[in-house]
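Remarks on the overall topology
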Amino acid sequence: MALIDFLDRIFGDKNEVTLKTCSVDTANNMHYKTLITEASVNLIAKTISRAEFQTYEEGRETKKRNYYILNVEANKNKSASLFWRETIEKLLKEGETLILLQDNQMFLADSFVRNEFAFRENIYTELSIGDYPLDDIWKESQVLYLKDDNSTIRNAINGIYNDYVKLIDSSIKGYQNSKARKGKLKIPTNLPKTLQEEGKLQEHIQATMKDFMDPSKDAVYPETNGFEYEEIDKAKGSKSNDSGRETKNFIDDIFDFIAISYGIPPSLLKGDTVDTKDAVNNFLTFCINPIAKLITDEINRKMYGKENYLKNTYAKLDTSNVKAVDLRDVANSIELLNRNGALTIDDTLRILNKEPIGGDVGGMRFVTKNLELIDRVLKEDTNSDVGGD
C-alpha cells in the first residue's frame with residue numbers, strides 16, 4: 001500500500017508533484033508502560049494477599065473473629081484474599097484507599113471524599129461501593145484509610161517514558177525499514193490507452209505488484225507494457241538484529257525505571273532466575289514490608305485501640321510465609337534456632353507451612369545442655385579462683 005500511496009501523490013496532479021511530510025505522534029503509545037505497571041501492581045498485590053494476619057490476645061496467638069475477617073472472609077460477598085488484592089491494587093494505582101468497617105465486615109470504597117480536620121476526626125462523604133452510593137457520613141474511627149501517595153515519582157516516570165517511547169518507536173521503524181523491500185518502477189510515457197486514466201493505472205500497478213510484494217508468497221513480476229521494476233539493495237551498514245536488540249534494551253530500561261519506582265528488583269519483575277534469593281529478600285524488605293506495616297498500624301489503631309495494644313492484644317501482617325520454603329535450605333537454620341530456644345515447635349511448623357500443634361506441646365522450647373547463663377558461668381569462674389588461692 002505504501003507504493004500505491006506514493007504513486008497517488010505523483011498522479012494526483014498532472015502538472016506537478018507535491019511532497020508532504022507525514023509525522024506520527026508516539027507520545028500516546030502507552031502499551032509498554034501499561035504492561036509493566038500492571039505487572040508491578042499485580043506482583044505486589046498477589047504477594048500481600050499471600051501473607052497471613054496473626055492476631056494476639058495478651059501476647060498469646062489466637063484465631064477468633066478478627067482472624068477470620070482478616071484472613072478468610074472480608075465480607076459476605078468477598079474472600080479476604082481477593083479483598084486485599086483489590087485493596088492493594090487501588091492503593092498503588094490511586095495513591096489511597098478506604099475500607100469501611102461495618103457489622104464485623106470490611107468493604108472497599110470505590111469512591112469517596114475525605115474532609116480533613118486538625119483537632120477532630122476526619123470525615124468521609126460521597127462514598128460509593130460499586131454502583132451503590134452511600135449517603136451517610138463516616139468518621140475516621142469507622143474506617144481504615146491507607147495512603148501511599150507517590151505522585152511525584154509517577155510524574156517523573158511519565159516524563160521518562162515519554163522520552164523512551166520515542167526512542168522505541170524510532171528503533172522499531174529502523175528494524176522494519178531494514179526488513180522492508182524497496183524498489184523503483186519505471187513507467188513508460190507511451191502508456192496503452194487502457195492505462196492512461198489515473199484510476200486504471202493504479203489498479204494495474206496494484207494488481208501486478210500485490211502478490212509480488214507479499215513476503216509470504218513466491219511470485220514473479222511480469223514486466224509488460226514497458227514497465228520495468230528494479231530492486232533497491234539495502235544499505236550495507238544496516239543490521240536488523242542490532243535494531244531488534246536496541247528495541248529490547250529500551251524496553252528493559254522502562255522495566256527498570258518502573259520496577260524501581262515500586263521498590264521491586266527489576267530482575268524479579270522480568271523473571272530472571274539469577275540471584276533470585278537476594279532479589280526476593282530485597283523485594284520483601286523494601287516493598288512488601290513497608291506496605292504491611294502501613295496496613296498493620298491502621299488495623300491496630302482502629303480495630304484494637306491503644307488500651308488493647310498496650311496489653312499485647314493486636315494484629316500483625318506476617319510476610320515471612322510469602323516465600324516458598326525448601327526444607328533443604330532452612331534445615332540447618334531451624335536446627336540452630338531450635339537448640340538455642342529461639343523457636344517453639346509451632347514456630348518451626350509455621351515456617352514449613354505446616355499446621356501448628358497448639359497447646360503446651362506446641363509452645364515448648366528446647367536448649368542444648370552445653371548452653372548456660374552467663375552470670376552462672378562468671379560465678380563459677382569466681383568461685384574457682386577463690387578455691388585456688
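You'll find the structure just up there.
Quick caveat: nothing in here was measured; it's all calculated off a predicted structure.

Here strand E11 (residues 143–147) lies mainly inside the structure; 4 of its 5 residues are buried. Summarising the sheet, strand E5 (residues 96–102) and E11 pair through 5 bridges and their orientation is antiparallel. When the bridges of E11 are listed, Ile-99 appears paired with Leu-144.

Okay, the packing of aromatic side chains next. Tallying each qualifying case throughout the model produces 9 aromatic pairs. Where Phe-112 meets Tyr-145, the ring centres are 6.3 Å apart and the plane angle is 85 degrees; that geometry is what we call edge-to-face. With Phe-112 in strand E7 (residues 111–115) and Tyr-145 in strand E11, this pair connects stretches of sequence that are 33 residues apart. You can call Phe-112 buried: its relative accessible area is 15%.

As a further point, take the sheet that holds E5. Reading across the sheet, the 3 strands line up as E6-E5-E11 and stay open at both edges, with antiparallel pairing between neighbours. The sheet terminates laterally at strand E6 (105–108) and E11, the two strands that pair on one side only. Strand-to-strand twist in this sheet, taken as the mean axis angle between neighbours without regard to direction, amounts to 20 degrees. Along the sheet, helix H4 (residues 80–94) makes contact with E5, E6 and E11, crossing E5 at roughly 145 degrees. Of the strands in this sheet, E5 and E11 are in contact with helix H9 (residues 276–310), which crosses E11 at around 155 degrees.

Attention now goes to helix H2 (residues 31–50). Counted at 1.5 Å a residue, the expected span for H2 with its 20 residues is 28 Å, and the 29 Å between its end C-alpha atoms agrees. Taken as a whole, H2 has its buried residues at Lys-33, Ile-36, Thr-37, Ser-40, Val-41, Ile-44, Ala-45, Thr-47, Ile-48 and Ser-49.

A contiguous nonpolar surface patch, about 370 Å² in accessible area, is contributed by Ile-357, Val-361, Met-364 and Phe-366. For Ile-357, the location among the structural elements is in the loop between helix H11 (345–351) and helix H12 (359–362).

What follows concerns the pattern of salt bridges. Within this structure, the stated rule accounts for 15 salt bridges. The salt bridge involving Arg-301 is made with Glu-140; its shortest N-O contact spans 3.9 Å. Taken together, the residues span a long stretch of sequence, with Arg-301 in helix H9 and Glu-140 in the loop between strand E10 (138–139) and E11 at a distance of 161 residues. Assessed through its relative accessible area of 52%, Arg-301 is described here as exposed. Residue Glu-140 is classed as buried on the basis of its relative accessible area, which comes to 9%. Salt bridges here are not isolated pairs; linked through shared partners, they connect Arg-114, Glu-116, Glu-140, Glu-298, Arg-301 and Lys-302.

Remark: H2 packs on H4, axes separated minimally by 8 Å, with the N-to-C direction vectors making an angle of 140 degrees. The orientation of H2 with respect to H4, classified from their angle, is oblique. Here H2 runs over H4; the crossing is right-handed. From H2, Glu-38, Val-41, Asn-42, Ile-44, Ala-45, Lys-46, Ile-48 and Ser-49 reach across to H4, where they touch Ser-81, Arg-85, Ile-88, Glu-89, Leu-92 and Lys-93. Tallied by class, residues from the contact of H2 with H4 come to 6 nonpolar, 3 polar and 5 charged.

Here H4 crosses H9 at 110 degrees, and the two axes come no closer than 13 Å. Put simply, H4 runs roughly perpendicular to H9. For the element pair H4 and H9, the recorded crossing hand is right-handed. Along its contact with H4, which presents Trp-84, Ile-88, Leu-91 and Leu-92, the element H9 presents Ile-291, Leu-294, Ile-295 and Ile-299.

Calculation criteria
- Residues numbered from 1 in each chain as written.
- Predicted model: local features only at pLDDT ≥ 70, side-chain atom pairs only at ≥ 80, totals over all residues.
- Heavy atoms only, no water.
- Buried < 20%, exposed > 50% of the residue type's maximum accessible area, 1.4 Å probe, protein only.
- Helix = DSSP H or I, 4+ residues; strand = E, 2+ residues; numbered from the N terminus.
- Pairing = 2+ DSSP bridges.
- Phe/Tyr/Trp six-rings, centres within 6.5 Å; stacked < 30°, edge-to-face > 60°.
- Axes fitted to C-alpha atoms, helices over the stretch in contact; angles between N-to-C directions.
- Contact = heavy atoms within 4.5 Å.
- Expected span 1.5 Å × (residues − 1).
- Patch = residues over 30% accessible without salt bridge, like charges linked within 9 Å, V, L, I, M, F, W, Y side chains within 5 Å.
- Areas by Shrake-Rupley, 256 points an atom, 1.4 Å probe, with all protein chains shown as cover.
- Salt bridge = Lys/Arg side-chain N within 4 Å of Asp/Glu carboxyl O.
- Parallel < 35°, antiparallel > 145°, perpendicular 65-115°, else oblique.
- Left-handed = near helix turned anticlockwise from the far one by under 90°.
- Nonpolar A, V, L, I, M, F, W, Y, C, P; charged D, E, K, R; others polar.

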